[in-house]
Amino acid sequence: MGRYVPPDQEGLMSGNQIHGKHALGGRANKISQGILTVRFEMPYPIWCTTCPKPTIIGQGVRFNAEKKKVGKYFTTPIFSFRMKHVACGGWIEIRTDPKNTAYIVTEGARKRDLGEDKVEEGDVKILTQAEREALRDNAFASLEGKIEDKKRLEYSKKRLEELQDLSEKQWEDPYEQNKRLRNAFRVGRKEREKSAGIAASLQDKMSLGLDLLPENEDDARRARLIEYGEGDSDGIVDKAISKPLFKQDKPKPMSKPTKTKVSKKLKAESLAKQKTAAFAAEVRENTRVARDPFLAGTRLTTPKAAPILAGVKRKRSRPDDTPTNKPTVVGLVDYDSD
């Protein structure tokens, strides 16, 4: 299609025949060998035996496979699909099995065992020719098979009748059944809507991108067991904001441990000194408040009243009676300008 055909060859030869091209393009590069490139989808997971480490190829992975006819089962052709595993460069070949209506891995991999080949209840087992011949020759085996099939048929028929009777009993009156289901749904509908609204408000407030489960007694009991510390929230916030953003800790000098006998009195004195030093460091950190220009006008920038210490007399400040000499602004003219 789209190739030039001379006027004298119109109707006699196609454009592909004139230019020596195949209608399938690059897919038919090996058509002379009976090989056609097709898109093959892995029918089940397999283990690649060429990879240095065990590698699994999942079901549904697609490959560009070379399709070739390799034989026949009666009149049904057997096709071979040969593909290259990109991870290791090895070749994998899978063939069709018309006898068992399945795919067989013949080269470069092995099928992953998922336990699906076991015959379960209700499955129909496909017998091979040898098994059929053995059943024909053995009369007892044939009789046992017939008895098992008969029992299975009776059980299946009985089960179907039970399911049909149950369905007819439940849906004998569709109006009443529908009414009963709707009444059961109405019970607690307002509570469910209320809890859903609370959960939605919490999600919007806390910007949660996940679904909240309904509350239960276990959650409430565990929440009552948790105790939170009490204190001045404003003071805690002020203390947190006043601290520097990047704290620089001075490295402590390394000292070699000495094995000396220390009395209990010296231990108590050293412990008291450590507590005093820690308290002094905390006071210094709280007094050196870092002013943030973006916090202007907040409670951090407003002046606080000085604390009153017990036993310390404070000098009263006298009001200044002297008049303040503030310069007055005088206009150039007596009238307002336009």
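Structure: see above.
Residues numbered from 1 in each chain as written. Predicted model: local features only at pLDDT ≥ 70, side-chain atom pairs only at ≥ 80, totals over all residues. Heavy atoms only, no water.

Trainee: Help me out: how do you make sense of the pattern of salt bridges in this one?
Mentor: Between side chains of opposite charge, a pair can form as their charged atoms come close. Counted according to the given criterion, the structure contains eight salt bridges. A salt bridge links E93 to R95; the nearest nitrogen and oxygen atoms lie 3.1 Å apart. Because the salt bridges share partners, they merge into one network encompassing R82, E93, R95 and E107. (Salt bridge = Lys/Arg side-chain N within 4 Å of Asp/Glu carboxyl O.)

Trainee: What's the story with a nonpolar patch on the surface in this structure? I'm lost.
Mentor: Taken together, the side chains of I198, L202, M206, L208, L210 and L212 make up a nonpolar region of the molecular surface, amounting to roughly 500 Å² of accessible area. One can find M206 in helix α5 (residues 189-206). On the basis of relative accessible area, M206 is assigned to the exposed category, the value being 53%. (Patch = residues over 30% accessible without salt bridge, like charges linked within 9 Å, V, L, I, M, F, W, Y side chains within 5 Å. Areas by Shrake-Rupley, 256 points an atom, 1.4 Å probe, with all protein chains shown as cover. Helix = DSSP H or I, 4+ residues; strand = E, 2+ residues; numbered from the N terminus. Buried < 20%, exposed > 50% of the residue type's maximum accessible area, 1.4 Å probe, protein only.)

Trainee: So what exactly am I meant to see when it comes to the pairing of strand β7 (residues 102-107) here?
Mentor: Regular strands place their side chains on alternate faces of the sheet. For strand β6 (residues 91-97) and β7, the ladder comprises five bridges, and the chain directions are antiparallel. Within β7, the residue paired with T96 across the bridge is Y103. In sequence, β6 turns back onto β7 through a hairpin of four residues, with T101 there showing a positive phi of about 50 degrees. (Pairing = 2+ DSSP bridges.)

Trainee: Sorry if this is basic, but what is going on with a positive patch on the surface here?
Mentor: Together, R182, R186, R189, K190 and R192 line one region of the surface with positive charge. Contributions of two or more residues to the positive patch are made by α4 (174-186) and α5. The leading source of residues in the positive patch is α5, at three residues. Within the fold, R189 resides in helix α5. (Lys, Arg positive; Asp, Glu negative; His and termini not counted. Charge placed at Lys NZ, Arg CZ, Asp CG, Glu CD.)

Trainee: Would you explain α5 in this entry?
Mentor: Every α-helix carries 3.6 residues per turn, so stepping three or four residues along brings you back to the same face. Across its 18 residues, α5 extends 26 Å between first and last C-alpha, which sits within 8% of the 26 Å expected from 1.5 Å per residue. Phi for S207, located one or two positions after α5, is positive at around 55 degrees. (Expected span 1.5 Å × (residues − 1).)

Trainee: Even after reading the chapter, I still don't get a negative patch on the surface, so can you show me in this structure?
Mentor: Negative charge collects at one region of the surface, where E161, D165, E168, E172, D173 and E176 lie side by side. Counting residues per element, the negative patch draws most heavily on helix α3 (residues 139-170), which supplies three residues. Locating E172 in the fold gives a position in the loop between α3 and α4.

Trainee: Please explain the sheet that holds strand β3 (residues 55-57) as it appears in this structure.
Mentor: Strands pair in a sheet through their backbones, by hydrogen bonds, and they do so in one of two ways: parallel or antiparallel. Strand order across the open sheet formed by three strands is β3-β2-β8, with antiparallel pairing between neighbours. Among the strands making up the open sheet, the edge pair consists of β3 and β8 (109-111). Taken over all neighbouring pairs, the strand axes of this sheet differ in orientation by 30 degrees on average, direction set aside. Note that strand β2 (residues 46-48) and β3 share three bridges and pair antiparallel. Note on β3: the bridge partner recorded for I46 is I57. (Axes fitted to C-alpha atoms, helices over the stretch in contact; angles between N-to-C directions.)

Trainee: Quick question: what am I supposed to make of the nonpolar core here?
Mentor: Grouped together as the largest cluster of nonpolar side chains are 16 residues, with contacts concentrated most on F40, M42, I46, I57, M83, I92 and I94. Elements with a contribution of two residues or more to this core: β1 (35-41), β2, β4 (62-73), β5 (76-84) and β6. In contact with I57, not counting residues within four places along its chain, are M42, Y44, P45, I46, C48, F63, H85 and I92. (Core = buried A, V, L, I, M, F, W, Y, C linked by side-chain atoms within 4.5 Å. Contact = heavy atoms within 4.5 Å.)

Trainee: Just to check I follow, could you spell out the packing of aromatic side chains for this structure?
Mentor: We describe a pair of aromatic rings using the distance from one ring centre to the other and the angle between the two ring planes. Applying the stated rule across the entire model yields three aromatic pairs. Taken together, a centroid distance of 4.7 Å and an interplanar angle of 25 degrees make the contact between F40 and F81 stacked. Remark: F81 occurs in strand β5 and F40 occurs in strand β1; sequence separation between them is 41 residues. Each member of the pair, F40 together with F81, is buried. Seen from their ring centres, Y73 and F74 are 4.7 Å apart, and the 75 degrees between their planes marks the pair as edge-to-face. Overall, the relative accessible area of 31% leaves Y73 in the partly exposed class. Within the aromatic cluster, the residues linked to one another by ring pairs are F40, F81 and Y103. Over the ring of Y44 we find K111; its NZ or CZ atom is 4.7 Å from the centre of that ring. (Phe/Tyr/Trp six-rings, centres within 6.5 Å; stacked < 30°, edge-to-face > 60°. Lys NZ or Arg CZ within 6 Å of the ring centre and 35° of its normal.)

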